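Remarks on the overall topology
Given next are the chains, with one letter for each unit.
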Amino acid sequence: MWISEVRYCESERSNTEGKQMRHANPTDTCEAILHAEIRYNTEHQILPSECLIAHRMLARRLELVNAYAEVVKKLGPHTNALESFLKAILYTSAFWSPEKLEDARRGRERLNAVNAAISAKASELATLLDQRSELHNKSQFHSDTHYDVCDVIIEAAASNYRFNSFVKSEFSVLSGQFDLKYWPTLGEFARVLSHDASTAVSQASDRLTAVGTIASRPSLADYFRALFAAMDDNGAAQQGFIPTDLRSATEHWRHSQIALSTLASTIRSTAPT
């Protein structure tokens, strides 16, 4: 669900306003919802990006008149559906605009590159650690360096208050009870990190990002996929308000797509970066 889902629980404020707004013309009805969102977010000092989208939608009123009329026609009879739909528009446009989704793609590419580098460097480190151990054992020299993985863990956690307060004493006892042959070598430790990074698959942290970045090339369709996912998340099937038949009825949805295209075209040029 969305970051702003907590507001949906406060439906008492939208129920009364919703009954009043349905008697107004479609543009006034939709703009009243936008004003209510701005007021609520401002009072609670939250979601400034959504407020920015709402303000710019209000500023482009004439371009959205027909879109508002179509949306109200489809959703007006359904209690709270119009509010949920416009919130979906605000939320998706603020956080899953085409530009934001392109940034997410670049983040995924960077994560993949970092994992590849970690895999290569950890593998190289594992080899070097193995070589150092062999030199310590077979050459006539040694260096005063770590060889016990338990000592490394304790030193690495030196500034970790919780480790030092609740774990260190018992861990030290445990490491003292079992000598080196019971623990992985430093080389083995690094090799596991290498394998872990090499087999990692980058996954989106939320469903809207996942569907919005599924295509190989970026396009406005990414935004629509994210918007449809937001609508589904707030649909009747998920205990939300948006009717489940809104998208399933193709002949009706075709007209709504025109409205959505207008909204998206307007919002795309207003979305915060």
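What comes next is a walk through the structure. Please read these numbers as outputs of a predicted model, since none were measured by experiment. (Residues numbered from 1 in each chain as written. Predicted model: local features only at pLDDT ≥ 70, side-chain atom pairs only at ≥ 80, totals over all residues. Heavy atoms only, no water.)

**Side note on unusual backbone geometry**
Cut-off, in case you're wondering: Strands here mean DSSP runs of E at least two residues long; helices mean DSSP runs of H or I at least four residues long; both are numbered from the N terminus. Using a 1.4 Å probe on the protein chains alone, a residue whose accessible area is under 20% of its type maximum counts as buried, one over 50% counts as exposed, and one in between counts as partly exposed.
The phi dihedral of Gln-45 falls on the positive side, at around 55°, and the residue is not glycine. As for its placement among the helices and strands, Gln-45 is situated in the loop between helix H2 (26–44) and helix H3 (48–59). A relative accessible area of 75% places Gln-45 in the exposed class. The backbone of Leu-47 shows a phi angle near 50°, a positive value even though the residue is not glycine. What makes Leu-47 buried here is its relative accessible area of 12%.

**A short note on the pattern of salt bridges**
Counted only if it meets this: The term salt bridge refers to a pairing of a side-chain nitrogen on Lys or Arg with a carboxyl oxygen on Asp or Glu at a separation within 4 Å.
Enumeration according to the criterion identifies 13 salt bridges in this entry. Between Glu-37 and Lys-87 there is a salt bridge whose closest N-O contact spans 3.8 Å. With Glu-37 in helix H2 and Lys-87 in helix H5 (residues 81–95), this residue pair connects regions lying 50 residues apart in the sequence. A relative accessible area of 3% places Glu-37 in the buried class. Residue classification places Lys-87 among the buried residues on the basis of a relative accessible area of 6%. Linking Lys-74 and Glu-70 is a salt bridge whose minimum nitrogen-to-oxygen distance equals 2.5 Å. Pair noted here: Lys-74 and Glu-70 are both in helix H4 (residues 61–75), with a separation of four residues, about one helical turn. Just as Lys-74 is buried, Glu-70 falls in that class too. Several salt bridges converge on common partners, so that one network encompasses Asp-28, Glu-31 and Arg-61.

**Observations regarding the nonpolar core**
What counts, and what does not: Note on terminology: a nonpolar core comprises buried Ala, Val, Leu, Ile, Met, Phe, Trp, Tyr and Cys residues joined through side-chain atoms within 4.5 Å.
In this structure, Met-57, Leu-82, Phe-85, Ile-89, Leu-260 and Leu-263 are the most contacted members of the largest nonpolar core, which totals 39 residues. Contributing elements (two or more residues each) for this core: H2, H3, H4, H5, helix H11 (220–233) and helix H13 (250–268).

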